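Structural characterization, general
Read off the chains here:
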Amino acid sequence: MASSAEGGRLSRIYVLGAGAVGLLFAGHLRNAGYPITLLLRSSAAVERFEQQGGKIGIVNDWIRAHPSRQRLLRAGEEIPCCSIDDVQAETPTEKDTIINQLIITTKAQHVQQAYSQVQSRLNPNSAVLMLQNGMGTLEAIQRKFYTHSQNQPAFIIGTNAHGCLRHSNEEFATHHTAMSSCKIALHIPSAPQSAMEMLTALAALPLNVSVVNWSDLQPQMLLKLAANAVINPATALAGCRNGLMLQPEVPSVREFVASACLEIAAIYARAHPHLHSELSAAAIEEYVLNIVHVTAQNKSSMLQDVAAARPTESDWINGYLVRLGQQHGVPTPINTSLYALMKLRESAF
Ligand SMILES: NC(=O)C1=CN([C@@H]2O[C@H](COP(=O)(O)OP(=O)(O)OC[C@H]3O[C@@H](n4cnc5c(N)ncnc54)[C@H](OP(=O)(O)O)[C@@H]3O)[C@@H](O)[C@H]2O)C=CC1
Ligand SMILES: CC(C)(CO)C(=O)C(=O)O
């Protein structure tokens with residue numbers, strides 16, 4: 001087993017949801033020396049993973065768009081796949097050993113079903129990092145699985161702005177298309193050792209992960225929710241990479257972004273009045289446009305779902321904002337339309 005700089009043994013980290021984001025974090029953690037187990041959906045997937053050598057591939061496509069790195073690439077040159085060895089895989093239910101450190105990177109709509117498969121392997125000394133877009137997944141788990149807060153593991157919530165995608169012919173490789181950042185916070189003030197170890201492990205990765213206070217994460221999550229509510233349905237419906245939203249030839253896209261941000265700021269002003277200055281329409285629009293810029297080469301996760309004819313996260317993104325608007329008496333015509341159009345798109349699969 002690998003060991004830390006202090007000579008202690010590094011604990012195994014389990015990753016439930018070996019998709020674009022899960023493989024990125026699992027690969028980097030393995031590179032940093034952590035023993036990693038992917039919890040895959042089926043024994044057939046575990047077999048496929050083992051047959052291809054138990055490796056995770058990471059293709060650092062973001063280098064292509066990075067001015068200081070671009071010069072290192074020759075024209076037309078492919079970016080090599082960095083292959084990370086010695087990763088284990090199992091299905092969530094085939095063992096009953098306790099999981100001390102778990103990262104859940106399924107889509108929001110799959111979290112509850114995925115969690116039900118591992119709940120019996122978690123205890124209050126376990127740490128669980130949730131890295132979903134949208135809002136409400138932690139609350140849904142707490143409502144469904146825990147009547148007493150004492151039985152819960154220590155939840156860590158993250159908001160991730162890295163862009164990554166998986167090609168359909170590469171099951172265990174992720175393309176890291178946008179080097180961005182990730183913010184994580186502990187949901188409870190006093191946490192077990194496993195949670196502190198997981199925060200330390202993540203903060204040291206070359207993925208710009210910052211550990212913040214829970215109260216500081218809230219505005220970050222609301223800004224990210226706004227970015228996903230604007231970028232994801234627009235790119236999923238238009239079938240384009242994020243960067244196309246910045247093209248000057250279609251000024252109405254910028255008007256759409258501005259109006260959507262105004263609507264979201266009005267919802268937040270009623271729902272989170274104490275965050276008013278951080279969540280003004282101008283601050284939200286600046287954040288959204290910056291995410292479009294940084295992730296210009298990425299296909300949004302909602303576009304990837306539509307392309308694969310999978311249900312999208314719209315219930316947790318635009319649907320969440322519509323419900324929040326209703327609770328606070330704020331009209332939401334833009335989010336209601338985006339939500340309805342995404343539901344229409346999904347019904348055509
Ligand atoms: N991709 C991106 O650029 C970004 C994504 N995000 C967010 O991160 C989260 C993950 O996104 P992403 O990685 O793109 O999603 P993916 O769809 O690529 O990956 C999710 C993975 O979870 C697996 N899964 C779902 N349920 C289970 C289960 N019960 N047991 C085992 N595996 C399961 C899926 O398997 P299967 O394929 O079999 O369904 C899939 O491999 C989402 O909330 C997304 O919005 C945030 C920022 C950027
Ligand atoms: C950061 C962004 C917008 C990257 O595409 C994303 O969160 C997503 O695709 O879901």
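Residues numbered from 1 in each chain as written. Chains lettered and ligands numbered in written order. Predicted model: local features only at pLDDT ≥ 70, side-chain atom pairs only at ≥ 80, totals over all residues. Heavy atoms only, no water.

**Remarks on helix H7 (residues 214–238)**
Its 25 residues give H7 an end-to-end C-alpha distance of 35 Å, which sits within 8% of 36 Å, the value for a rise of 1.5 Å per residue. The buried count for H7 comes to 18 of 25 residues, which makes it a mostly enclosed element. Positive backbone phi, at 70°, marks Gly-239, one or two positions downstream of H7. (Helix = DSSP H or I, 4+ residues; strand = E, 2+ residues; numbered from the N terminus. Expected span 1.5 Å × (residues − 1). Buried < 20%, exposed > 50% of the residue type's maximum accessible area, 1.4 Å probe, protein only.)

**Notes on the site of ligand 1**
In the neighbourhood of ligand 1, 30 residues make up the surrounding shell, with Val-21, Arg-41, Gln-117, Asn-133 and Glu-313 lying closest. Note that an oxygen atom of ligand 1 is positioned 2.8 Å from one of the backbone N or O atoms of Val-21. For ligand 1, an oxygen atom lies 3.3 Å from a polar atom in the side chain of Ser-301. Across the complex, the protein chains shield 89% of the 900 Å² of accessible surface that ligand 1 would expose by itself. Secondary structure elements with two or more residues in the shell around ligand 1: helix H1 (20–31), helix H4 (111–118), strand E9 (163–165) and helix H10 (301–307). The element contributing the most residues to the shell around ligand 1 is H4, with three residues. Tallied by class, residues from the shell around ligand 1 come to nine nonpolar, 15 polar and six charged. (Near = heavy atom within 4 Å. Polar contact = N/O pair within 3.5 Å; in protein donor to acceptor, adjacent residues only side chain to side chain. Areas by Shrake-Rupley, 256 points an atom, 1.4 Å probe, with all protein chains shown as cover. Nonpolar A, V, L, I, M, F, W, Y, C, P; charged D, E, K, R; others polar.)

**Here we look at the site of ligand 2**
Ligand 2 sits among Asn-133, Ala-161, Lys-224, Asn-228, Asn-232, Asn-242, Asn-298, Ser-300 and Ser-301. Contact distances for ligand 2 include 2.9 Å between an oxygen atom and a side-chain N or O atom of Asn-228. Between ligand 2 and the protein, one listed contact pairs an oxygen atom with a side-chain N or O atom of Ser-301 at 2.5 Å. Here ligand 2, which alone exposes 280 Å², has 95% of that area covered by the protein. Counting residues per element, the shell around ligand 2 draws most heavily on H7, at three residues. Looking at side-chain class alone, the shell around ligand 2 contains one nonpolar, seven polar and one charged residues.

**So, the UniProt feature "transmembrane region" (unreviewed entry) in the protein**
Those residues carrying the UniProt feature "transmembrane region" (unreviewed entry) are residues 12–29 in this numbering. In the segment residues 12–29, helix accounts for 56% and strand for 22%; the C-alpha atoms at its two ends are 10 Å apart. (UniProt positions renumbered as here; feature names shortened; annotations may be inferred.)

**Structural notes on the UniProt feature "domain: Ketopantoate reductase C-terminal" (unreviewed entry) in the protein**
The sites that carry the UniProt feature "domain: Ketopantoate reductase C-terminal" (unreviewed entry) are, in the present numbering, residues 216–345. Its end C-alpha atoms 35 Å apart, residues 216–345 is made of 68% helix and 0% strand.

**A word on the environment of Ala-296**
Tracing the backbone through its elements, the reader meets Ala-296 in the loop between helix H9 (281–294) and H10. Counting along the chain gives 231 residues from Ala-296 to Ala-65, while the straight-line C-alpha distance between them is 9.0 Å. With residues near it in sequence (within four places) discarded, Ala-296 still touches Arg-241, Asn-242 and Gly-243. (Contact = heavy atoms within 4.5 Å.)

**A word on the domain arrangement of the protein**
Accessible area lost on assembly of the parts is the figure often given for the size of an interface. Looking at the assigned domains, one finds that the protein contains domain 1 (13–212) and domain 2 (217–347). Of note, the centres of domain 1 and domain 2, computed from C-alpha atoms alone, are 24 Å apart. Taken together, the 27 residues of domain 1 in the interface contact 24 residues of domain 2. Together domain 1 and domain 2 conceal approximately 2,100 Å² of surface at their shared face, both sides included; 62% is due to carbon and sulfur atoms. By the criterion of area lost to domain 2, the three top residues of domain 1 are Lys-107, Asn-133 and Met-135, representing 31% of everything that side buries. (Domains from an automatic or database assignment. Buried area = accessible area lost by both parts, 1.4 Å probe.)

**A look at the packing of aromatic side chains**
Applying the stated criterion to the full structure yields four aromatic pairs. An angle of 75° between the planes, with centres 4.9 Å apart, marks the rings of Phe-49 and Phe-172 as edge-to-face. Here the residue Phe-49 occupies a position in helix H2 (residues 43–51), and Phe-172 occupies one in the loop between E9 and strand E10 (173–178), the gap between them amounting to 123 residues. The class of Phe-172 is buried, set by a relative accessible area of 7%. Ring geometry for Tyr-115 versus Phe-155: centroids 6.2 Å apart, planes at 35°, classification tilted. (Phe/Tyr/Trp six-rings, centres within 6.5 Å; stacked < 30°, edge-to-face > 60°.)

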